[in-house]
Amino acid sequence: MNRLQLFPITTTIEKNSLTIAGHDLAGLAKDHGTPLYIYDRETMDTAVIGYKSALALHYPMTGSVTYAGKAFLNLAIAQWTQLHNLFVDCTGEGEIAMAVAGGVPREHILVHGVNKSEADLESAVKYAGTIVVDNLTELQRIANLFPIPHSPFPDLWLRLVPGVAVETHHAHTQTGQHDSKFGMTSAEMMEAAQFCKMNNLPLNGIHFHQGSNFRDASPLKAAIELGLDLAMEIGFTNEWHFSPGGGWGVAYHEDELPQPDSNEYVRVIAENIVEGCKARGLALPHLHLEPGRSLVARAGVAVYKVGAIKRRGEKVWILTDGGMTDNPRYAMYGARYSCLTVSGPGEARSEKVSIAGPYCESGDVVIEDLLMPKIEVGELIAIPASGAYHLSMSSNYNGSRKPAVLWLEAGRARVIQRRETIEDLMRRDEGL
Ligand code: LLP
């Protein structure tokens, strides 16, 4: 694939300059400064429509799409989810608060978390339609905190650890393997179901999530089979919910195949559920898909300015003003990225360079060994596939301030998150 295909679907080259949704990136960087993040609305809308059409095609009975807020959540993104009637997966009270502020109604808020605090649970019971219970202790805590009858009370689903992981690029993004810290074994699931029965808790669903950024959907089959076996054993009858999590992959580098089609992912899930339910005489569940990355990664672009260039033997370091504090994915997972210069993106690529940020860590690398055209100090570079798990995992290391975020539509660019200030950095501090 070519580098431009990694960028949002509205990206073009106009007058030798990178343009997204009709906005010249150089102009946006001039007006808003760098490092700068932009989100292209059309790319996000198109991704949602892709999932919804696939559901309508392969599972027309009853299904919905849940946006995994951990990929990137703020007020505007929460509001955007409701333009598409999405459910929102929130981890803990912080994300729940963002979803509520963005107008996400109770029935669309679904709460995850591997060790939910009492405050998380209180917020979940107050604002959410569903809690995905991770473990037995959590279930007991819920029963103690909110004796039934309690109004309102969310539905409860149980999180299964299926013992099968998917192929991701890094062990840290696998969650389905048998020794994972997430979810419950089959035996624990049955114990939890029994507990719910004894305590009149509204259990009506099963969830699992095997890992993130995978392209081969085949390991889902075994996990779905296990989930359906458990649904039978628990005795779900008519109205029940089944969520095989999220994790469908995206393309970060031109060496990879293009972003895989969500249709294929949904087809594999739907077919296995339909066949599996038929074989068992089990009622078809309400199917929940839970993508994060595949909805927002491609829509996001990071724009950095080059501040210095160093030559060290074979190595050429392009030093930029963004790096591991806005995108820790290289440092955490050795993630591979690509980029284009904002001006002259089509120029011949003549030199292999490595791109690194300004922070005091040798691991503060953005891209290693990428063929680029000649780059000058002061130039802007644009890094595609930056929309998921960058800003949501960002930090203030070295006193850095989180970048501004723009929302791009044709003819309109809005700041949806202002750049952090020095005052923001010290807002929580108290003197001695
Ligand atoms: N559902 C659950 C329960 C999850 O834990 C996750 C991601 C998702 C859905 C959405 O997965 P997605 O479709 O976005 O891949 N920081 C890592 C990814 C961690 C994913 C955590 N859970 C990265 O940057 O690759």
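Definitions and limits used
Counting from 1, residues in each chain are numbered in the order their sequence is written. Only residues with pLDDT of 70 or above have their local features reported here, since the model is predicted, and side-chain atom pairs are shown and tallied only from 80 upward, although totals for entire chains, interfaces and linings are computed over all residues. For the side-chain quantities, the full set of heavy atoms in the structure was used; hydrogens and water were omitted. Residues are counted as near a molecule or strand when any one of their heavy atoms sits within 4 Å of it. A 3.5 Å cut-off defines polar contacts: any pair of N or O atoms within that distance qualifies, except that in protein one atom must be a possible hydrogen donor and the other a possible acceptor, and neighbouring residues in sequence count only when both atoms are side-chain atoms. Every accessible area reported is derived by Shrake-Rupley at a probe size of 1.4 Å, with residue values counting cover from the shown protein chains alone. For this classification, the nonpolar set comprises Ala, Val, Leu, Ile, Met, Phe, Trp, Tyr, Cys and Pro, the charged set comprises Asp, Glu, Lys and Arg, and every other residue, Gly included, is treated as polar. Domain boundaries shown here were taken from an automatic or database domain assignment. In this scheme Phe, Tyr and Trp rings, the latter by its six-membered ring, pair at centre separations within 6.5 Å, and the angle between planes marks the pair as stacked below 30 degrees, edge-to-face above 60, and tilted otherwise. Runs of E in the DSSP output that reach at least two residues are strands. Runs of H or I that reach at least four are helices, and both are numbered from the N terminus. When a residue's accessible area, from a 1.4 Å probe over protein chains only, is under 20% of the maximum for its type it is buried; when over 50% it is exposed; and in between it is partly exposed. Being paired, for any two strands, means DSSP has found at least two bridges between them. The convention used is that axes are lines fitted to C-alpha atoms, helices contributing only their stretch in contact, and that angles between N-to-C directions extend from 0 to 180 degrees. Crossing handedness is defined as follows: a turn of the near helix away from the far one that is anticlockwise and smaller than a right angle gives a left-handed crossing, while the clockwise case is right-handed. Note on definitions: a residue-residue contact is assigned when non-hydrogen atoms from the two residues lie within 4.5 Å.

Chemist: Account for the site of the ligand, naming residues and giving values.
Modeler: Neighbouring residues of the ligand: 20 residues in total, closest Glu 290, Arg 293, Arg 329, Tyr 333 and Tyr 389. Between the ligand and Tyr 389 there is a distance of 2.6 Å, counted from an oxygen atom to a side-chain nitrogen or oxygen. Expressed as a share of its isolated accessible area of 580 Å², the protein-covered part of the ligand is 92%. Within the shell around the ligand, the residues separate by chemical class into 5 nonpolar, 9 polar and 6 charged. Lining the shell around the ligand are residues from two domains, each supplying at least three of them: domain 1 (2–33 + 299–427) and domain 2 (42–295).

Chemist: Can you break down the packing of aromatic side chains residue by residue, with the values?
Modeler: A full pass over the atoms with the stated rule returns 10 aromatic pairs. Seen from their ring centres, Tyr 67 and Trp 80 are 6.1 Å apart, and the 90° between their planes marks the pair as edge-to-face. Of the two residues, Tyr 67 sits in strand E5 (residues 63–68) while Trp 80 sits in helix H3 (residues 75–83), which places them 13 residues apart along the sequence. Its relative accessible area of 1% is what places Trp 80 among the buried residues.

Chemist: Lay out the sheet that holds strand E7 (residues 109–112) in plain terms, naming residues and giving numbers.
Modeler: Spatially, the 8 strands close up into a barrel ordered E5-E6-E7-E8-E9-E10-E11-E12, and their pairing is parallel. Neighbour-to-neighbour, the strand axes of the sheet open up by a mean angle of 25°, direction not taken into account. Pairing of E5 with strand E12 (residues 286–289) involves 3 bridges; the strand directions are parallel. Of the residues in E12, the one forming a bridge with Gly 63 is Leu 287.

Chemist: Tell me about the packing of helix H8 (residues 219–234) against helix H9 (residues 262–280), residues and numbers included.
Modeler: Where H8 meets H9, the closest approach of the two axes is 10 Å, and the angle between their N-to-C directions is 35°. The two elements H8 and H9 cross, and the hand of that crossing is right-handed. On the side of H8, the interface is formed by Leu 220, Lys 221, Ile 224, Glu 225, Leu 228, Asp 229 and Met 232, while H9 contributes Tyr 265, Ile 269, Asn 272, Ile 273, Gly 276, Cys 277 and Arg 280. Of the residues that constitute the contact of H8 with H9, the class distribution is 8 nonpolar, 2 polar and 4 charged.

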